[in-house]
Amino acid sequence: MSDHAVLHVKGRVLVGPEDVRDELWVVDGRISYDRPAGARDVRTVEGWTLPGLVDAHCHVGLGPHGPVDAATAEKQAVTDREAGTLLIRDAGSPSDTRWVDDRDDLPKIVRAGRHIARTRRYIRNFAHEIEPDDLVAYVAQEARRGDGWVKLVGDWIDRDLGDLAPSWPRDAVEAAIAEAHRLGARVTAHCFAENSLQDLVEAGIDCIEHATGLTEDLIPLFAARGVAIVPTLVNIATFPDLAAGGEARFPRWSAHMRRLYERRYDTVRAAYDAGIPVYVGTDAGGSLAHGLVAGEVAELVTAGIPPLDALAATSWAARAWLGRPGLEEGAPADLVVYESDPRADVRVLASPRRVVLNGQVVE
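Residues numbered from 1 in each chain as written. Predicted model: local features only at pLDDT ≥ 70, side-chain atom pairs only at ≥ 80, totals over all residues. Heavy atoms only, no water.

Overview of the pattern of salt bridges
No. 1: Summed over all chains, the structure comprises 23 salt bridges.
No. 2: A salt bridge links Asp101 to Arg98; the nearest nitrogen and oxygen atoms lie 3.5 Å apart.
No. 3: Of the charged contacts, one joins Asp273 and Arg269 as a salt bridge, the two residues approaching to 2.7 Å between their closest N and O atoms. In this pair, Asp273 and Arg269 both sit in helix H9 (residues 264-273), four residues apart, roughly one turn of the helix.
No. 4: Note on Arg269: relative accessible area 31%, which makes it partly exposed.
No. 5: Linked by salt bridges that have partners in common, Arg98, Asp101, Arg111 and Asp147 make up one network. (Salt bridge = Lys/Arg side-chain N within 4 Å of Asp/Glu carboxyl O. Helix = DSSP H or I, 4+ residues; strand = E, 2+ residues; numbered from the N terminus. Buried < 20%, exposed > 50% of the residue type's maximum accessible area, 1.4 Å probe, protein only.)

Topic: the packing of aromatic side chains
No. 1: Summed over all chains, the structure comprises six aromatic pairs.
No. 2: Here the aromatic cluster, defined as three or more aromatic residues joined through ring pairs, consists of Tyr122, Phe126, Trp156, Phe192 and Phe239.
No. 3: The cationic tip of Arg89 hangs over the ring face of Trp149; the distance from NZ or CZ to the ring centre is 4.6 Å.
No. 4: Lying across the ring of Tyr261, Arg264 places its NZ or CZ 3.9 Å from the centre. (Phe/Tyr/Trp six-rings, centres within 6.5 Å; stacked < 30°, edge-to-face > 60°. Lys NZ or Arg CZ within 6 Å of the ring centre and 35° of its normal.)

Describing the sheet that holds strand E8 (residues 85-90)
No. 1: As summarised here, the arrangement of the three strands in space is E5-E8-E9, forming an open sheet in which the pairing is parallel. Each end of this open sheet is capped by a strand with a single partner; those strands are strand E5 (53-58) and strand E9 (108-111). Within the sheet, the average angular offset between the axes of one strand and its neighbour, ignoring direction, is 20 degrees.
No. 2: Bridge analysis of E5 against E8 gives four bridges, and the strand direction is parallel. Note on E8: the bridge partner recorded for Cys58 is Asp90. (Pairing = 2+ DSSP bridges. Axes fitted to C-alpha atoms, helices over the stretch in contact; angles between N-to-C directions.)

Some remarks on the sheet that holds strand E3 (residues 30-32)
No. 1: Here we have seven strands laid out as an open sheet, ordered E3-E2-E1-E4-E18-E19-E20, and mixed in their pairing. Looking along the sheet, the strands with just one partner apiece sit at the ends: E3 and strand E20 (360-361).
No. 2: One ladder, built from four bridges, connects strand E4 (residues 42-51) with strand E18 (residues 335-338); its direction is antiparallel. Its bridge partner lying in E18, Trp48 is registered against Tyr338.

Observations regarding the nonpolar core
No. 1: Grouped together as the largest cluster of nonpolar side chains are 61 residues, with contacts concentrated most on Leu135, Leu152, Ile205, Ile208, Phe222 and Leu300.
No. 2: When residues no more than four places from it in sequence are discounted, the contact partners of Leu152 are Ile116, Leu135, Val139, Trp168, Val187, Thr188, Ala189 and His190.
No. 3: Membership of the second largest hydrophobic core comes to 18 residues, among which are Leu62, Ile157, Ile236 and Phe239. (Core = buried A, V, L, I, M, F, W, Y, C linked by side-chain atoms within 4.5 Å. Contact = heavy atoms within 4.5 Å.)

Some remarks on the pairing of strand E13 (residues 155-158)
No. 1: Bridge count between E13 and strand E14 (residues 163-166): four bridges; the pairing is antiparallel. If you follow Trp156 over to E14, its bridge partner there is Ala165.
No. 2: Counting the residues that bridge the hairpin from E13 to E14 gives four residues, and of these Gly162 lies at a positive phi of roughly 75 degrees.

Some details on a positive patch on the surface
No. 1: Positive charge collects at one region of the surface, where Arg120, Arg124, Arg159 and Arg249 lie side by side.
No. 2: Within the secondary structure, Arg124 is located in the loop between strand E10 (116-118) and strand E11 (128-130).
No. 3: According to the relative accessible area criterion, Arg124 is exposed, its value standing at 69%. (Patch = residues over 30% accessible without salt bridge, like charges linked within 9 Å, V, L, I, M, F, W, Y side chains within 5 Å. Areas by Shrake-Rupley, 256 points an atom, 1.4 Å probe, with all protein chains shown as cover. Lys, Arg positive; Asp, Glu negative; His and termini not counted. Charge placed at Lys NZ, Arg CZ, Asp CG, Glu CD.)

So, the packing of helix H2 (residues 135-145) against helix H3 (residues 170-182)
No. 1: Two numbers describe how H2 lies on H3: the axes approach to 9 Å, and their chain directions differ by 25 degrees. In this view, H2 runs roughly parallel relative to H3, as classed from their interaxial angle. Of the two possible hands of crossing, H2 and H3 adopt the one that is right-handed. Residues Leu135, Val136, Val139, Ala140 and Arg144 of H2 touch H3, and the partners they reach there are Ala172, Val173, Ala175, Ala176, Glu179, Ala180 and Arg182. (Parallel < 35°, antiparallel > 145°, perpendicular 65-115°, else oblique. Left-handed = near helix turned anticlockwise from the far one by under 90°.)

Below is the structure:
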């Protein structure tokens, strides 16, 4: 990264969907809309500028077989940074990535602690695997370790049933979510299927990951409670391969996964139409590559979300949801510059012209 005390960003600065300005200045790593007096050694960057993109479902420090070493986690974070993702909600990681906070050249991370799953009901080495009686205690532990979020595994395959099934009884999730909220944390849950959603939402959950099981009868409940979804469509694209791999042992599960996949776009569009908040997340880490944020935005557009709202789901709206600033006066200068207007064609997100993190241009 290059070290420039003053940066001049010109062109079109998209402070908000309709708030477009001609320029901003970066002084000591922070945004200003006033030209600094006596500025010297000014570097100029020109183009269409957005706040640093948000990947609201990402796993730094997680690989296909569980936790990874710091060097691998660093590569993951750098890959996201190069794609323009400068704010990550890490939706569960078994690795301690606090060291990233001391690095001005890596994306900022909002952590949800480690996944909390039912015993033998999730991917090996990913989660705390516990029974319902311990759920409140583990939620409290991860709420204290995280940055205002806790991640549950809401459903997974039940091998005895041969299909997806809820992980937790209603009373357990009610108590656990209440404890998280008491500690100031929001709660999200991995959910593929339909039959875990009502209990989780009525228990007070704040967000659902994937949400492929969201059905017409559940949509009003989500909308009334203001429960957000992070569809991770680039991950849902893997469902047919997963189904094929499990066909011999779990044909019922495989057929279910195919149905969820086939209606994925209709599900997301119906949620959006009902006013359910939708945010961009890729599910990077585990088996999925990092740096896919532009592809996820494009998938939301394919699902029928208007381009401007799909863009907001990885920029202005996503940052507000996570309680982090965008391009406001005095905010850390985390921004991405593009060749053309991303509001006109979200595909431009795949080719950042410049990435600026904490006021420094990433070279």
